[in-house]
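Single-letter residue listing:
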Amino acid sequence: MTAPQQKRSQTGVVEDFANPPRLFVFVDGVLAPRIFHSLYRRYAESIELKGDEAILDFGCGSGGIAENLVRRVPNGSVTCVDVSPPMLAVAARRLRRYPNARCIVGRIEALDLSAASFDVVVIHNALHDIPEPERTATVVELARLLRPGGHLHFREPTDDKHGLRLGVYRELMHTAGLLELRGREEKVFPVGPMFDAVFAKTE
Ligand SMILES: C[S@@+](CC[C@H](N)C(=O)[O-])C[C@H]1O[C@@H](n2cnc3c(N)ncnc32)[C@H](O)[C@@H]1O
């Protein structure tokens, strides 16, 4: 179900996200959630929610954002999707107390989730890690999963070493038929410049 994906990471090491090295899982899955705790909390809190939304956290990693979202949707749900079984295992442990959270491993296009089944999609620091030839199909699939009127919350790095240019992200969203409601580049400590935006599915 999960195709191995090779990508040069921030540290310069080639990571296979479907089967990452243990050190990567330890750093990204155990240390980073502690270090980035308030970054995740602040980002999750910036997303407006009523409490009954079905949320998809795409490329959830170890679940730092999902944990902060699931508490805010007692009458809704959070679905975490990631290609990495060990990262998802960390997320599942973290979310085990929440019956309205589920974790699914695999590439989003291969999961056959129902169209328009999510009110909110979150992409945080994950899209740039997807190999270029797969990015459009990924975003088109995420747009398919969003209900009309639903919002896609997006924050991705824009520096040349690690992220993608702002225009590349905008073009991907435009190709998937999503409308930018607001967006700006901002410095997020300790990640660096990021494109923080909200897109809507209008039909
Ligand atoms: C830098 S981590 C960020 C995780 C989390 N969103 C956060 O902000 O902490 C990027 C995540 O994207 C996942 N990923 C990479 N390619 C993916 C794909 N094609 N589909 C789903 N997840 C993917 C990786 O396994 C990794 O957990």
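Everything here concerns the structure above.
Reference entry: report on the structure contained in this document. Predicted model, so just to flag it, every value in this text is computed and none were measured.

Parameters and conventions
- Residues numbered from 1 in each chain as written.
- Predicted model: local features only at pLDDT ≥ 70, side-chain atom pairs only at ≥ 80, totals over all residues.
- Helix = DSSP H or I, 4+ residues; strand = E, 2+ residues; numbered from the N terminus.
- Rg over C-alpha atoms; globule rule 2.2 N^0.38 Å.
- Buried ≥ 20, exposed ≤ 12 C-beta atoms within 10 Å, placed from the backbone.
- Contact = placed C-beta atoms within 7 Å.
- Near = placed C-beta within 6 Å.
- Nonpolar A, V, L, I, M, F, W, Y, C, P; charged D, E, K, R; others polar.
- Pairing = 2+ DSSP bridges.
- Axes fitted to C-alpha atoms, helices over the stretch in contact; angles between N-to-C directions.
- Right-handed = clockwise from strand over helix to strand, strands pointing away.
- Expected span 1.5 Å × (residues − 1).
- Core = buried A, V, L, I, M, F, W, Y, C linked by C-beta atoms within 7 Å.

Check the secondary structure of the protein chain and you find six helices and nine strands. Against the globule reference of 17 Å for 203 residues, the protein chain gives a C-alpha radius of gyration of 15 Å, in line with a compact fold. Dimensions along the principal axes, computed over C-alpha positions, put the protein chain at roughly 40 × 40 × 35 Å. For the protein chain, the residues scored as buried account for 41% of the 203 residues in total. Long-range pairs, those at least 24 residues apart, make up 62% of the contacts in the protein chain between residues at least 6 apart in sequence.

Bringing the site of the ligand into the picture now. Near the ligand there are 19 residues, and of these F17, G59, G61, S84 and A126 occur at the shortest range. Those elements giving two or more residues to the shell around the ligand turn out to be α3 (64-70) and β4 (77-82). Here the residues of the shell around the ligand sort into nine nonpolar, seven polar and three charged.

Taken in spatial order, the seven strands line up as β5-β4-β3-β6-β7-β9-β8 in an open sheet, and their pairing is mixed. Among the strands making up the open sheet, the edge pair consists of β5 (101-105) and β8 (178-188). Within the sheet, the average angular offset between the axes of one strand and its neighbour, ignoring direction, is 15°. For strand β6 (residues 118-124) and strand β7 (residues 146-157), the ladder comprises six bridges, and the chain directions are parallel. Its bridge partner lying in β7, V122 is registered against H153. Along the sheet, helix α5 (residues 132-145) contacts β3 (54-58), β6, β7, β8 and β9 (192-201); its crossing angle with β7, the most-contacted strand, is approximately 140°. Its contacts with the sheet place helix α6 (residues 166-175) against β7, β8 and β9, and it is angled at close to 160° to β8.

On any regular strand, side chains alternate: one points to one face of the sheet, the next to the other face. Burial of the side chains of β5 is restricted to one face: A101, C103 and V105 are buried, whereas none of R102 and I104 on the reverse face is. With five bridges connecting them, β4 and β5 associate as parallel partners. Counted as the bridge partner of D82 is V105 from β5. The handedness of the β4 to β5 crossover, carried by helix α4 (residues 85-94), is right-handed.

Glancing now at helix α1 (residues 22-35). Between its first and last C-alpha, α1 extends 18 Å over 14 residues, near the 20 Å set by a 1.5 Å rise per residue. Of all the residues in α1, the buried ones are D28, G29 and P33. Against the buried residues of α1 lie α2 (37-45), α3 and α4.

Let us now look at the nonpolar core. Among the nonpolar cores identified, the biggest contains 52 residues, and F58, A66, C80, A91, V121 and L142 are the most heavily contacted of them. Per element, the largest residue contribution to this core is five residues, and it comes from β6. Setting aside residues up to four positions removed in sequence, F58 forms contacts with V81, I108, V121, V122, I123, A126 and L142.

The next point concerns the pairing of β7. Within β7, nine of the twelve residues are buried, which leaves the element mostly enclosed by the surrounding structure. Considered for its hand, the β-α-β crossover made up of β6, α5 and β7 is right-handed. Pairing of β7 with β9 involves seven bridges; the strand directions are antiparallel. By the bridge assignment for β9, L152 is matched with F199.

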